[in-house]
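Residues per chain are reported as follows:
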Amino acid sequence: MRIWVNGGLHDADDARLSVLDHGLTVGDGVFETVRVSTGRAFALTRHLDRLTRSARGLGLADPDHDDVRRAVAAVVEANPMELGRLRITYTGGLSPLGSDRGDAGPTLVVAMGETSRRPDSTAVVTVPWTRNERGAVTGLKTTSYAENVVALARAHEQGASEALFPNTVGQLCEGTGSNVFVVLDGRIHTPPVTSGCLAGITRALAVEWTGAQETDLPLDVLERAEEIFLTSTLRDIQAVHRIDGRELPGAPGSVTAKAMRVFAERAADDLDP
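Quantities reported herein were computed from a predicted structural model and do not represent experimental measurements.

Engineer: How do you make sense of empty space enclosed by the protein when you look at a structure like this?
Structural biologist: Where empty space is left in the structure can be found by rolling a water-sized probe over the atoms. Considering all chains together, one arrives at one cavity of 30 Å³ or more under this definition. Around the largest cavity, the lining residues are Phe42, His47, Ile201, Thr202, Thr233 and Asp236. Class assignment of the residues belonging to the lining of the largest cavity gives a composition of two nonpolar, three polar and one charged.

What follows is the structure in structure tokens.
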């Protein structure tokens, strides 16, 4: 693997950051994950725009999109693969120990690893922990991901690939790395960003391309939804066949299957929608 670190490509064994990088010591950083298919990055402009929004939310300087695009192009060229998970990480850079940020400037890392196509359906669980829809970093894609690591481990213990969170007022919010959609009376609904969920890139495209409605949803909607599906960069649209102990036989259902088909067709027609 060849990795971009602060201006150049390095072999994985030689790609190094200071142990005092603020992204490591306090999680002061933001990131994006981009799907790369046969050397082509999908929706890169949207990802870079969100990277900037997240950076501004933390008070970081705006990332230079031209620099990031050059790094992405170099990494993609240096790591040919059929399907890749490309990660752009942008941190507060070298800083003193503690929460104060230093003045050395930000760190930029771009790396890519091979991945495989997800199955058409998956199992998910709900977890007892909540998303704080009023927090200082709500809606930002930060590197402070420990909460997601814990919840995802809980999901794996129960034979699932994703964990879903409520927010502090008991509304359905999001997964550890995905957005969630439900089908009620044949109509597609998803929690609004005011629920505390991340404004997912795939989520936004799915809303635009399927006509889904943003709706405040109680967590128990998962007990009565006709169909449930997840969206994320690497899942695209993925049906849910089990939520906790409830089976959804025949997943993907007809509404989800149509959404999957529409998304695949539209994404194939436009690499940077």
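Next, the rest of the story.
Engineer: What is the right way to look at the pattern of salt bridges in this model?
Structural biologist: Opposite charge on two side chains makes pairing possible when the charged atoms of those side chains draw close. Evaluated as defined, the whole model comprises 13 salt bridges. A salt bridge links Glu147 to Arg131; its shortest N-O distance comes to 2.6 Å. Here the residue Glu147 occupies a position in helix α4 (residues 146-157), and Arg131 occupies one in the loop between β7 (121-126) and α4, the gap between them amounting to 16 residues. Take Glu147: its relative accessible area is 42%, and that puts it in the partly exposed class. Look at the salt bridges and you will find they share partners, linking Arg117, Arg118 and Asp120 into a network.

Engineer: Explain the side chain of Thr107 to me, please; I cannot follow it from the model alone.
Structural biologist: Looking at where Thr107 falls in the secondary structure, it is placed in strand β6 (residues 107-114). The exposure class assigned to Thr107 is buried, which follows from its relative accessible area of 5%. Here the side chain of Thr107 touches Asp21 through a polar contact of 2.6 Å, side chain to side chain.

Engineer: What is the right way to read the sheet that holds strand β1 (residues 2-5) from this model?
Structural biologist: Within a sheet, adjacent strands bond to each other through the backbone by hydrogen bonds, running parallel or antiparallel. Across the sheet, six strands lie side by side as β2-β1-β6-β5-β3-β4; this open sheet has antiparallel pairing. Two strands bound the open sheet, and with one partner strand each, they are β2 (8-11) and β4 (40-41). Where strand β5 (residues 83-91) meets β6, eight bridges bridge the pair, whose relative direction is antiparallel. If you follow Ile88 over to β6, its bridge partner there is Val110. Running over the sheet, helix α2 (residues 44-58) touches β3 (29-37), β4 and β5 and is turned about 170° from β3.

Engineer: What's the story with the packing of α2 against helix α3 (residues 65-78) in this structure? I'm lost.
Structural biologist: Two elements in contact, α2 and α3, have axes separated by 11 Å at closest approach and are oriented at 130°. Relative to α3, the element α2 lies oblique. Here α2 and α3 pass one another in a crossing that is right-handed. Each of Leu44, Thr45, Leu48, Asp49 and Thr52 in α2 lies in contact with α3, whose residues at this interface are His65, Val68, Arg69 and Val72. Residue composition of the contact of α2 with α3, grouped by class: four nonpolar, three polar and two charged.

Engineer: What should I look at first to understand the packing of aromatic side chains in this one?
Structural biologist: For any pair of aromatic rings, the description consists of the separation of the ring centres together with the inter-plane angle of the planes. The final tally for this structure, using the stated rule, is four aromatic pairs. Where Trp209 meets Phe263, the ring centres are 5.2 Å apart and the plane angle is 55°; that geometry is what we call tilted. Of the two residues, Trp209 is situated in helix α5 (residues 201-210) and Phe263 in helix α6 (residues 254-269); the sequence distance between them amounts to 54 residues. Across the pair, exposure class does not vary: Trp209 and Phe263 are buried alike. Following the ring pairs from residue to residue traces out a cluster consisting of Phe42, Trp209 and Phe263. For Arg35, the ring lying beneath its charged end belongs to Phe42, and the centroid distance is 4.8 Å. Residue placement shows Arg131 over the ring face of Phe165; its charged tip is 4.0 Å from the ring centre.

Engineer: Before we go on, may I ask you to explain the environment of Pro166 in this structure?
Structural biologist: Here Pro166 is to be found in strand β8 (residues 162-166). What makes Pro166 buried here is its relative accessible area of 8%. Residues Pro166 and Arg131, spaced 35 residues apart in sequence, show a C-alpha to C-alpha distance of 6.2 Å.

Engineer: Is there a simple way to explain the pairing of β8 in this structure?
Structural biologist: Regular strands place their side chains on alternate faces of the sheet. With five of five residues buried, β8 is to be regarded as a mostly interior element. Burial along β8 is two-sided: Glu162, Leu164 and Pro166 and Ala163 and Phe165, pointing in opposite directions, are all buried. Inspection of the sheet shows β7 paired to β8 by three bridges, in the parallel sense. Looking at β8, one finds that Val125 is bridged to Ala163.

Engineer: Please clarify how the nonpolar core should be interpreted in this entry.
Structural biologist: Proteins that are soluble and globular tend to have nonpolar side chains buried together. Core analysis: the biggest nonpolar cluster contains 22 residues, and Val72, Leu86, Ile88, Leu108 and Val110 have the highest contact counts within it. At six residues, the largest contribution of residues to this core is made by α3. Ignoring anything within four residues of it in the chain, the contact list for Leu108 reads Trp4, Val5, Asn6, Val68, Ala71, Ile88, Thr89 and Tyr90. Ile188, Ala206, Val207 and Ile237 belong to the second largest nonpolar core, which has 18 residues in total.

What counts as what
Residues numbered from 1 in each chain as written. Predicted model: local features only at pLDDT ≥ 70, side-chain atom pairs only at ≥ 80, totals over all residues. Heavy atoms only, no water. 1 Å grid on protein atoms, 1.4 Å probe; cavity = no way out; pocket = protein on both sides within 12 Å on 5 of 7 lines; lining within 4 Å. Points joined across faces, edges and corners; volume = space filled by probe spheres on them. Nonpolar A, V, L, I, M, F, W, Y, C, P; charged D, E, K, R; others polar. Salt bridge = Lys/Arg side-chain N within 4 Å of Asp/Glu carboxyl O. Helix = DSSP H or I, 4+ residues; strand = E, 2+ residues; numbered from the N terminus. Buried < 20%, exposed > 50% of the residue type's maximum accessible area, 1.4 Å probe, protein only. Polar contact = N/O pair within 3.5 Å; in protein donor to acceptor, adjacent residues only side chain to side chain. Pairing = 2+ DSSP bridges. Contact = heavy atoms within 4.5 Å. Axes fitted to C-alpha atoms, helices over the stretch in contact; angles between N-to-C directions. Parallel < 35°, antiparallel > 145°, perpendicular 65-115°, else oblique. Left-handed = near helix turned anticlockwise from the far one by under 90°. Phe/Tyr/Trp six-rings, centres within 6.5 Å; stacked < 30°, edge-to-face > 60°. Lys NZ or Arg CZ within 6 Å of the ring centre and 35° of its normal. Core = buried A, V, L, I, M, F, W, Y, C linked by side-chain atoms within 4.5 Å.

Fair warning: the whole summary comes from geometry, so function is off the table for now.
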